[in-house]
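Overview (structure and organization)
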Amino acid sequence: MTKVPFLIWLIVIAGTVVHGQEENGGDSGIGGLFNRLKKAVEVESSTEPDKKSWFDKAKELGVSTLDKGKEGITELVTAGTESNARMQEMLAWLDTKIAGREPAFTDSEIQEIALEMIPLVEELNGRTFAAPPQVAITGNFEMIQILGNDLVPQLEAQIPDAPKPMVYLKSFVTAGLFSPSLMGKYGVIDNTVYVLPENVKSIMEAGEIDPSLDRDLMKIIVAHELTHALQDQEINLDESMLKVQSADESLAFQATVEGHAVYIQNAVAKKLGLDEAARAGRDMLTAPENKDEAWLINRVAMADAVKWESIYLGGETFIAHHASAGGMEKVWSILKAPPTRTSMIVKPSSYRKDPAPEIDYQSHYREIGKPLGLAEWKVAADSMGDFAIQSHLGAVTREKRDEIMAGLEKSVVINLTGPGLSSETCMAAVFAFADDLGAAKMLEAMEELNRHDLASAEASAMVEVLSRKKIDYSAGNNAAGSALRYKTKALFLGEETVSVIQVKRGSLVSQIFYTDLDLRKPQVDQFLHAVMTKLK
């Protein structure tokens, strides 16, 4: 996929700069642009209530933010620099992607495919549509509206305290970035299977798929989306999605419904002899091995690719496990009581309809900031979740990642947030393994990722590494590890000092990451000892 890194780069740079500028209250740079857009949304939401709904205004602004952001980025970066050249190439690519290509199929061709797929989907699922499902073709601009509307209630549930205009803004910007990568989408709001023929050629070219497979590939895509329509009829996808209570549960639910759809699309392919199309579809969902040296881009791109592979292919493995044991009735019973943790997807035999409650890590770690002198900081602690860990390890080899996950027993991630606006941040994670060997492999992976992060900063045209220091680290109590500290100066963001320390003690591994904090070794030792002890 030759151009995808530029899209990932936009998300990384924009997201990073927005975060940094918001914390420092700045109005310059890319972050300033998005801050001004945010303020505009907030002003719009409190004025002229009698003329137009502020929901509508936020939606309109959300849809147009992509263009406004592109204009602002182009103006804010100095012409002629390497970074500007990369931005211009990325923005031109994004324009092309959203505009789409000549449609690969007509509406009548898509309807013909749908009529062929409906009885197969019903047969393989052991369920019948109460009414013929609606199938329609659409384009990227229309899909931004459709996907944005679908995302709004999900984001409202995930971030209930966020201002509603900002929820719309985030929903529609996300939709704008994702739409060009879609060939099909089930709309949970209007209960319609949408197909995007204008994206077929570009996606197949990027995946190096034989163009003669386009009709076969479209058949299994339509079967996939029709399965979502059947799920919606049986379990009400919209309501089910709103019941999730954590990020990990949301990913587990996604893996269940997407894994079911992939399982059916492959069953359709097998029944019709579409083996090559099924392999192509699987290859499109498989995360590649990371061999490029552009670590900043690929660290994020690989994390994202591993997440989607876990959702679609990991979910398929989970569904196949239970279908082989109890048939489709077992699958439908699971859809009605989906897994609440991604660990159940990774280890299908661990699925329970009514699992034991999760450990209350928030209570365990509520005073964890004291050893660091951060007693006034807000603490948020929760299980990291297997999918999040897999994504974090996306830049290491698949073999190493699988070995680490095989021995993992539990984990917790702790975020400490300081009062007021500050560049100071602190985060820690702890992992418990079945044995010392699993912990040693995790420690090795952490150190490898640290090297990648430093290499990406040194290679970036937008970041200057001012200093760096790596040392072995001993925290007492038979614990050992390493520490890395480096100071950077980034375009728009200014100077920042990053410290990352990882320590192994027996079958436990802990890592602390902090920026612009002056912490002493005895403080860090005491903190690491406390976080590891509480996980036992």
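In this report, the structure presented in the accompanying data block is examined. (Residues numbered from 1 in each chain as written. Predicted model: local features only at pLDDT ≥ 70, side-chain atom pairs only at ≥ 80, totals over all residues. Heavy atoms only, no water.)

Contact geometry for helix H9 (residues 214-235) and helix H12 (residues 275-285): axes closest at 9 Å, N-to-C directions at 65 degrees. As judged from the angle between their axes, H9 and H12 are roughly perpendicular. The handedness of the crossing between H9 and H12 is right-handed. Facing H9, whose interface residues are Asp216, Leu217 and Ile220, H12 presents Ala277, Ala278, Gly281 and Met284. Residue classes in the contact of H9 with H12 are distributed as 5 nonpolar, 1 polar and 1 charged. (Axes fitted to C-alpha atoms, helices over the stretch in contact; angles between N-to-C directions. Helix = DSSP H or I, 4+ residues; strand = E, 2+ residues; numbered from the N terminus. Parallel < 35°, antiparallel > 145°, perpendicular 65-115°, else oblique. Left-handed = near helix turned anticlockwise from the far one by under 90°. Contact = heavy atoms within 4.5 Å. Nonpolar A, V, L, I, M, F, W, Y, C, P; charged D, E, K, R; others polar.)

Moving on to the sheet that holds strand E2 (residues 184-187). As summarised here, the arrangement of the 3 strands in space is E1-E3-E2, forming an open sheet in which the pairing is mixed. One side of each edge strand has no neighbouring strand; the edge strands of this open sheet are strand E1 (134-137) and E2. Across the sheet, the mean angle from the axis of one strand to that of its neighbour is 25 degrees, orientation sign disregarded. Both E1 and strand E3 (residues 192-195) contribute to a ladder of 4 bridges, which runs parallel. Along E3, the bridge assignment pairs Gln134 with Thr192. Packing of helix H5 (residues 107-125) onto the sheet brings it into contact with E1 and E3, and relative to E1 it is tilted by some 150 degrees. (Pairing = 2+ DSSP bridges.)

The subject of this paragraph is the environment of Glu156. Looking at where Glu156 falls in the secondary structure, it is placed in helix H6 (residues 140-158). The class of Glu156 is partly exposed, set by a relative accessible area of 25%. Spatially, the C-alpha atoms of Glu156 and Leu242 are 8.9 Å apart, while their sequence positions differ by 86 residues. Once residues within four sequence positions are removed from consideration, Glu156 is found in contact with Lys164 and Val167. (Buried < 20%, exposed > 50% of the residue type's maximum accessible area, 1.4 Å probe, protein only.)

As a further point, take the pairing of E2. Side chains Gly184 and Tyr186 project from E2 onto one buried face, and the interleaved Lys185 and Gly187 project onto a second face that is buried too. Alignment of E2 against E3, held across 4 bridges, turns out to be antiparallel. Along E3, the bridge assignment pairs Tyr186 with Val193. Counting the residues that bridge the hairpin from E2 to E3 gives 4 residues, and of these Asn191 lies at a positive phi of roughly 55 degrees.

Met117, Leu217, Met218, Val222, Leu226 and Leu237 are the most contacted members of the largest nonpolar core, which totals 62 residues. Per-element tally for this core: the top contributor is helix H13 (residues 295-336), with 11 residues. In contact with Val222, not counting residues within four places along its chain, are Ile113, Ala114, Met117 and Val195. (Core = buried A, V, L, I, M, F, W, Y, C linked by side-chain atoms within 4.5 Å.)

Its 19 residues place the ends of H5 26 Å apart at the C-alpha level, agreeing with the 27 Å of an ideal helix rising 1.5 Å per residue. Along its length, H5 reaches its greatest deviation from straightness, about 30 degrees, at Met117, and the proline Pro119 lies no more than four positions downstream. One or two steps after H5, the chain reaches Gly126, where phi turns positive at roughly 70 degrees. (Expected span 1.5 Å × (residues − 1). Bend = angle between axes of the 7 residues up to and from the residue.)

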